Amino acid sequence: MGILLVGAGVAGAALALALKEAGLPFLWLSEEVGGASRVPVALVNPVRGRRGVLVPEGGEALQAARALYGRYAPLHMGLLRPVPEGEREAWERRLRGSGLRYLWRREGLYLPEAFWLEPGPFLERVWAELGGVRARVAACAPGEVVLEGGRRLRPEVVLYAGGAKGAGVFGLSGRFVAGLELLLAEYREEALSYRVFLAGWALGGSYLDLPGYDEPEPQEGETAWLLEGAEALLGYRPQVAGVWRGVRFRRPAPLSPIPGGYALTGFGSTGFLLAPLWAKRLVQALG
Ligand SMILES: Cc1cc2nc3c(=O)[nH]c(=O)nc-3n(C[C@H](O)[C@H](O)[C@H](O)COP(=O)(O)OP(=O)(O)OC[C@H]3O[C@@H](n4cnc5c(N)ncnc54)[C@H](O)[C@@H]3O)c2cc1C
């Protein structure tokens, strides 16, 4: 067989679409549709952290992400990042010449091309349209992949997009960082972010380092931390209607060779920003 693609989160979906566009046949397997990528709301934001550092190639990645998701899901455009007056000059220096569109509002930096989306419907649509098959990879060796139940496949190229959960099976190391998104009783069309983010029905941004892949119960301090962040932005504590937990996977670079193929994984908190650009690059290299 030719190309085997493993995983149906945002990295897998972006790879599947790029392979299809390049006319390269592939078999797409995944245990579930989306792991960490089932986050209720994903913010696609190239300006990160409290200091407002631009993700390397963030402007280009944002364009690729917008073009890809825009074909499958409504995109909610615009992100406001409150920035204290005294820090604006330093932010401005970092952003000037970046190619990224931005403007200053009274409250802070406004990124008209950053956006948020609900990943669930996007992932399900791509999976259904491109004919993904549900199966779990139980083990792998160079040139061979063993599925749960014992079936053996011998692909020419394996593309791993199995995120945090599948990393152990493929012998990939990295940092595992759990986090919460709280679902709120109120809706916000334009994303707002400083320390935490508010977008749609969600409040996100918590971090909890883990020794390995695990899905621990939400910690009491995490919820309080998120709500304090929301209060700082809104002036009141929003009401919580639900909780979603997931595990991020962070590696030094999102693309790396593995025996018999490549891994596109380890995006940390920026999978939705970076996966479309890196998937396109990987598929161009394969073609
Ligand atoms: C709380 C939280 C909030 C976040 N917020 C954002 C955000 O706002 N913006 C943003 O860009 N990113 C955000 N992230 C990070 C983002 O979710 C990840 O970067 C991204 O989802 C990783 O996608 P992935 O495709 O690499 O992995 P995943 O989405 O985890 O997908 C892995 C896929 O592989 C499958 N799989 C795994 N193991 C196997 C196996 N052995 N056999 C077969 N299939 C397998 C899984 O079923 C799944 O379909 C957040 C993460 C968390 C936890």
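Note that residues are indexed from 1 along each chain, following the sequence as it is written. At least 70 in pLDDT is required for a residue's local features to be given in this predicted model, at least 80 for side-chain atom pairs to be given and counted, and no such filter applies to totals for whole chains, interfaces and linings, which use all residues.

Quick look at the overall build of the protein now. When its secondary structure is counted, the protein shows 7 helices and 19 strands. In summary, the protein has a C-alpha radius of gyration of 19 Å against a globular reference of 19 Å for 287 residues, a match within 12%. Seen along its three principal axes, the alpha-carbon backbone of the protein occupies a region of about 60 × 40 × 30 Å. Using C-beta atoms placed from the backbone, we call a residue buried if 20 or more other C-beta atoms fall within 10 Å of its own, exposed if 12 or fewer do, and partly exposed for counts in between. Across the 287 residues in the protein, those meeting the buried criterion constitute 42%. For the purposes of this entry, the term helix denotes a DSSP run of H or I that reaches at least four residues, the term strand denotes a run of E that reaches at least two, and both are numbered from the N terminus. C-alpha atoms define the radius of gyration, and 2.2 Å times the number of residues to the power 0.38 defines the globule rule.

Domain segmentation is taken from an automatic or database assignment of domains. Each assigned domain of the protein is listed here: domain 1 (1-40 + 118-174 + 251-287) and domain 2 (175-249). On a C-alpha basis, the centroid separation for the pair domain 1 and domain 2 is 27 Å. If you look at the interface, domain 1 gives 15 residues, while domain 2 gives 13 residues. Gly is placed with the polar residues, together with every amino acid not listed as nonpolar (Ala, Val, Leu, Ile, Met, Phe, Trp, Tyr, Cys and Pro) or charged (Asp, Glu, Lys and Arg). Each residue belonging to the side of domain 1 that touches domain 2 can be placed in one class, and the counts come to 5 nonpolar, 7 polar and 3 charged. For the purpose of contact definition, each residue receives a C-beta atom placed from its backbone, and two residues are in contact when these atoms lie within 7 Å.

Turning to the sheet that holds strand β1 (residues 3-6), a few remarks are in order. The strand order across the open sheet formed by 6 strands is β9-β2-β1-β13-β19-β18, and the pairing between neighbours is mixed. The sheet is open, and its two borders are formed by β9 (133-134) and β18 (255-258), each paired with just one other strand. Each of β1, β2 (26-30), β13 (157-160) and β19 (261-264) is contacted by helix α1 (residues 10-22), which is oriented at about 155° to β1, the strand it contacts most. A pair of strands is treated as paired once DSSP finds two or more bridges between them. Lines fitted to the C-alpha atoms define the axes, with helices restricted to the stretch that makes contact. Angles between their N-to-C directions range from 0 to 180 degrees.

Moving on to the site of the ligand. By convention here, the C-beta atom is placed from the backbone, and a residue is near a molecule or strand when that atom is within 6 Å of it. Not every one of the 43 residues close to the ligand is listed here, only the nearest: Gly9, Gly35, Gly163, Gly166 and Gly271. Mapped by element, the contributors of at least two residues to the shell around the ligand are α1, β2, β3 (42-44), α5 (163-166), β14 (175-194), β17 (240-250) and α7 (271-286). Tallied by class, residues from the shell around the ligand come to 20 nonpolar, 17 polar and 6 charged.

Between α1 and helix α4 (residues 119-129), the least distance of the axes is 10 Å, while the angle of their chain directions is 40°. Overall, the two elements α1 and α4 adopt an arrangement that is oblique. Handedness of the α1/α4 crossing: left-handed. Note on element contacts: α4 touches α1 through Pro119, Leu123 and Val126, opposite Val10, Ala13, Ala16 and Leu17. Each angle receives one of four descriptions, namely roughly parallel if under 35 degrees, roughly antiparallel if over 145, roughly perpendicular if within 65 to 115, and oblique otherwise. Rotating anticlockwise by less than a right angle from the far helix to the near helix defines a left-handed crossing, while the corresponding clockwise rotation defines a right-handed one.

Once that is clear, we can look at the packing of α1 against α7. Put simply, α1 and α7 touch, their axes get as near as 8 Å, and they point 35° apart. Here the hand of the crossing between α1 and α7 comes out right-handed. Every residue of α7 that contacts α1 at Val10, Ala11, Ala14, Leu15, Ala18, Leu19 and Ala22 is listed here: Gly271, Phe272, Ala275, Pro276, Ala279, Lys280, Leu282 and Val283. The class makeup of the residues in the contact of α1 with α7 is 13 nonpolar, 1 polar and 1 charged.

It is worth spelling out the environment of Pro238 at this point. Locating Pro238 in the fold gives a position in the loop between α6 (220-234) and β17. A tally of 19 C-beta atoms within 10 Å means that Pro238 is categorised as partly exposed. Through-space distance from the C-alpha of Pro238 to that of Gly2 is 51 Å; in sequence the pair is 236 residues apart.

All right, on to the sheet that holds strand β11 (residues 144-147) then. Across the sheet, which stays open at both edges, the 3 strands sit in the order β10-β11-β12 with antiparallel pairing between neighbours. Sheet topology places β10 (137-141) and β12 (152-153) at the edges, where each strand pairs with a single neighbour. Of the strand pairs in this sheet, β10 and β11 are connected by 4 bridges, and their pairing is antiparallel. Counted as the bridge partner of Cys140 is Val145 from β11.

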